[in-house]
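The residues making up each chain are set out below.
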Amino acid sequence: MFEKRIIAVAGATGAQGGGLVRAILSGREEGFSARALTRNPDSEKARALAKLGAEVVAADLDNPDSVRKAFDGAYGAYCVTFYWEHFSPEKELAQAGIMAKAAKQAGVKHVIWSTLEDTRKWVPLDDDRMPTLMGNYKVPHFDAKGEADRIFAELGLPVTFLLTSFYWDNFIYFGLGPKKGPDGSFYLGLPMGGKKLPAIAADDIGKCAYGIFKKGKEFIGKTVGIAGDHLTGAQMAAAMSRHMGREIRYQDIPPEVFRGLGFPGAEDLGNMFQFKRDFEAYFCGARDLNFSRSLNPDLQSFDAWLTRNSSSIPV
Ligand SMILES: NC(=O)c1ccc[n+]([C@@H]2O[C@H](COP(=O)([O-])OP(=O)(O)OC[C@H]3O[C@@H](n4cnc5c(N)ncnc54)[C@H](OP(=O)(O)O)[C@@H]3O)[C@@H](O)[C@H]2O)c1
């Protein structure tokens, strides 16, 4: 009997992994099946994935044995780490190493590592354009992911390095949506100046990853980047105004002001936006829209995403 090729998905109950599991299951006839990794197979989200047809298995990325078992017999593995759960780049590096070793031992045929740039290649630690954070990083939640690329490469894994983009969902869930100013007007405040921010619907990351698994060999050993739109803050605010039925103005917040906003991760995000602003040509160029659409023909533009989600943006 024809055996389906299993794709083991880390973070399956989350944004990236969840999108991938749903994409695999909705393309069932294409020969792949989804194995969803979770620390808690009894959670509501895990049970919902099982109901859709995923094989749900217990795995903790801190526990090498559990990841080895979860990757056993898999054709593919989607590897992602969860910076915002622990704020530790070292933990991301350790978890990336555990997944890479498990993929090697299991003989996985295609690994996708969900990565981001090691910004220290553009802004070395002694460059004072932006502060060094945690002693060893410029953008901690980027740098360790980029540093971990080496771990996958050095093990000789058949890996695709997937450069993801800012989720528009952050306007709903991450407190980055428009805020009411002292003058009563609503402002979308971002430290992007007049530069474009490549961004994407979180759910589309998994759909693009599925496109990469389907194309197989073509992307092994390659770094590819994805985004759904490249828009300036002013363009995003104008689109929000159209969809949300009230005027939203763009406010350019200088990175040094953003870094001082005081919420957990504010410095990291301030540096991140500054990096994206100051290296706009590289950063947008690495995330081509036509290429992203070739992986995922349903790729949403910001306008399409707002049509579905603008009513969920808290104002
Ligand atoms: N927000 C953005 O704009 C953006 C953009 C690009 C990249 N990123 C990166 O995306 C990453 C997060 O991905 P996401 O947004 O898909 O995550 P998410 O939606 O926050 O989901 C996190 C999932 O990770 C699982 N998890 C956490 N710790 C785990 C562990 N020790 N072992 C196994 N599973 C664990 C949890 O599953 P269980 O509880 O079921 O175990 C949870 O469902 C971050 O590193 C972030 O830097 C974010």
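Described in the following lines is the structure provided in the data block. (Residues numbered from 1 in each chain as written. Predicted model: local features only at pLDDT ≥ 70, side-chain atom pairs only at ≥ 80, totals over all residues. Heavy atoms only, no water.)

**Description of the pattern of salt bridges**
Then, number 1: With the rule as written, the count across this model stands at 17 salt bridges.
Then, number 2: The residue Arg39 makes a salt bridge to Glu85 at a minimum N-O spacing of 3.5 Å. One end of the pair, Arg39, is in the loop between β2 (32-38) and α2 (44-52); the other, Glu85, is in helix α4 (residues 83-86), with 46 residues separating them in the sequence. Summarising the burial analysis for this pair, Arg39 and Glu85 share the class exposed.
Then, number 3: In this structure, Lys145 engages Glu92 in a salt bridge whose closest nitrogen and oxygen atoms are separated by 2.8 Å. With Lys145 in helix α6 (residues 140-154) and Glu92 in helix α5 (residues 89-106), this residue pair connects regions lying 53 residues apart in the sequence. (Salt bridge = Lys/Arg side-chain N within 4 Å of Asp/Glu carboxyl O. Helix = DSSP H or I, 4+ residues; strand = E, 2+ residues; numbered from the N terminus. Buried < 20%, exposed > 50% of the residue type's maximum accessible area, 1.4 Å probe, protein only.)

**Considerations on the nonpolar core**
Then, number 1: Grouped together as the largest cluster of nonpolar side chains are 61 residues, with contacts concentrated most on Leu20, Val21, Phe71, Tyr78, Trp113, Phe152 and Leu162.
Then, number 2: Among the elements that make up this core, the one with the highest residue count is α5 (7 residues).
Then, number 3: Leu20 has contacts with Ile7, Val9, Tyr78, Gly206, Ala209, Tyr210 and Phe213, leaving out every residue within four places of it along the chain.
Then, number 4: One finds Leu231, Ala237, Ile248 and Met272 within the second-largest nonpolar core, a separate group that totals 36 residues. (Core = buried A, V, L, I, M, F, W, Y, C linked by side-chain atoms within 4.5 Å. Contact = heavy atoms within 4.5 Å.)

**Digging into the sheet that holds strand β6 (residues 159-163)**
Then, number 1: Across the sheet, 7 strands lie side by side as β3-β2-β1-β4-β5-β6-β11; this open sheet has parallel pairing. A single partner strand is all that each edge strand has here, and the edge strands are β3 (55-58) and β11 (223-225). Each neighbouring strand pair of the sheet contributes to a mean axis angle of 20°, computed without reference to strand direction.
Then, number 2: Examined bridge by bridge, β2 and β3 share 4 bridges and lie parallel to one another. Its bridge partner being in β3, Thr38 is matched across the sheet by Ala58.
Then, number 3: Packed onto the sheet, helix α3 (residues 64-71) meets β1 (5-9), β2, β3 and β4 (76-79) and runs at close to 165° relative to β2. (Pairing = 2+ DSSP bridges. Axes fitted to C-alpha atoms, helices over the stretch in contact; angles between N-to-C directions.)

**Looking at helix α11 (residues 266-278)**
Then, number 1: Compared with the 18 Å implied by 1.5 Å per residue over 13 residues, the 18 Å span of α11 between its first and last C-alpha is a close match.
Then, number 2: Every buried residue of α11 is accounted for by Ala266, Asp268, Leu269, Gly270, Asn271, Met272, Phe273, Gln274, Phe275 and Lys276. (Expected span 1.5 Å × (residues − 1).)

**Side note on the packing of α3 against α5**
Angle between the axes and distance between the axes: these two values describe a pair of packed helices.
Then, number 1: Across the interface, α3 lies against α5 with an axial gap of 9 Å and an inter-helix angle of 45°. In terms of orientation, α3 and α5 fall into the oblique class. You can see that α3 and α5 cross each other, and the crossing is right-handed. Taking contact as the criterion, the partners of Pro64, Val67, Arg68 and Phe71 in α3 are, on α5, Ile98, Met99, Ala102, Ala103, Gln105 and Ala106.
Then, number 2: Residues of the contact of α3 with α5, tallied by class, amount to 8 nonpolar, 1 polar and 1 charged. (Parallel < 35°, antiparallel > 145°, perpendicular 65-115°, else oblique. Left-handed = near helix turned anticlockwise from the far one by under 90°. Nonpolar A, V, L, I, M, F, W, Y, C, P; charged D, E, K, R; others polar.)

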